[in-house]
Amino acid sequence: MDEESEKMVVEINDPVEESQEEIINLRRCHWCNKEEEEEHEFQEVNILRKGDEDFNVYVCSSEHESRINKSYNYFDKIYILGLILIFFAPLVFVSLTIFVDMIFSYPVFVSIGLGLLIYPLFSQQIVRALGLNKSNILGRILGTIIVLLGIVLFLIDVLNVPI
Ligand SMILES: [Zn+2]
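About the cut-offs
Residues numbered from 1 in each chain as written. Predicted model: local features only at pLDDT ≥ 70, side-chain atom pairs only at ≥ 80, totals over all residues. Helix = DSSP H or I, 4+ residues; strand = E, 2+ residues; numbered from the N terminus. Axes fitted to C-alpha atoms, helices over the stretch in contact; angles between N-to-C directions. Parallel < 35°, antiparallel > 145°, perpendicular 65-115°, else oblique. Left-handed = near helix turned anticlockwise from the far one by under 90°. Contact = placed C-beta atoms within 7 Å. Nonpolar A, V, L, I, M, F, W, Y, C, P; charged D, E, K, R; others polar. Buried ≥ 20, exposed ≤ 12 C-beta atoms within 10 Å, placed from the backbone. Expected span 1.5 Å × (residues − 1).

Participant: Would you mind going over the overall build of the protein chain with me for this structure?
Facilitator: A tally of regular secondary structure across the protein chain gives five helices and two strands. Taken from N to C terminus, the helices and strands of the protein chain fall in the order α-β-β-α-α-α-α.

Participant: Quick question: what am I supposed to make of the packing of helix 2 (residues 62-99) against helix 3 (residues 106-118) here?
Facilitator: Helix-helix packing: each pair is described by the crossing angle between the helix axes and the interaxial distance. As a packed pair, helix 2 and helix 3 sit with axes 8 Å apart at the nearest point and diverge in direction by 165°. Between helix 2 and helix 3, the interaxial angle falls into the category roughly antiparallel. Our pair here, helix 2 against helix 3, has a crossing hand that is left-handed. For the pair helix 2 and helix 3, contact is made by Ile 78, Leu 81, Gly 82, Leu 85, Ile 86, Ala 89, Pro 90, Phe 93 and Val 94 and by Pro 107, Val 108, Ser 111, Ile 112, Leu 114, Gly 115, Leu 116 and Ile 118, respectively. For the contact of helix 2 with helix 3, the residue count by class is 14 nonpolar, three polar and no charged.

Participant: Explanation requested: unusual backbone geometry in the structure shown.
Facilitator: Backbone phi values are negative for most residues with the exception of glycine, while trans is the configuration of most peptide bonds. Within the chain, Asn 33 stands out as a residue other than glycine whose phi angle is a positive 70°. Looking at where Asn 33 falls in the secondary structure, it is placed in the loop between helix 1 (3-25) and strand 1 (43-47). Its 17 C-beta neighbours within 10 Å are what place Asn 33 among the partly exposed residues.

Participant: Help me understand helix 2 in this model?
Facilitator: One turn of an α-helix holds 3.6 residues; hence residues three or four places apart share an orientation. An ideal rise of 1.5 Å per residue puts 56 Å on 38 residues; helix 2 measures up with 53 Å between its terminal C-alpha atoms. All of the buried residues along helix 2 are His 64, Ile 68, Leu 85, Pro 90 and Phe 93. Where the residues of helix 2 are buried, they touch strand 1, strand 2 (55-59), helix 3 and helix 5 (132-157).

Participant: Looking at this structure, how should I read helix 3?
Facilitator: With 13 residues, helix 3 ought to run about 18 Å at 1.5 Å a step, and its terminal C-alpha atoms sit 19 Å apart, in line with that. Along helix 3, the residues that are buried comprise Tyr 106, Phe 109, Val 110, Ser 111, Ile 112, Gly 113, Leu 114, Gly 115 and Leu 116. Buried-residue contacts for helix 3 involve helix 2 and helix 5.

Rendered as structure tokens:
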């Protein structure tokens, strides 16, 4: 490697290292994903999930802390219904599609869509990247699209609606 290309490598590497350090040190509100500012220190709060390990997150305000708690309490409450809509009901409908009739393929979409609508099933990585608020909204948008897709496919295929 000649001297000039060595210099280039150093120049390319440096900003990457810096930004990685920034990401590690960056505190974001778990609800709105806002970055912590020097003049406004975020509170660290502990989140307890039913049947899961607890974890710590940062919040920008007590209002967002209560929204986070409400959201996770709601998820814990509708967990079983979410699982039924996202996994078990679609499994039944897929089996019926294979063994009985194609007509059972449309409820697969509707069931998964409704499931995502009420229970946005996201990993903590996605929630950490977007914030819980945006993850919930994304889940609802995705869920609505999948429900509508099921309905539109049903209308086109079964009722021969010209679109
Ligand atoms: Zn916030």
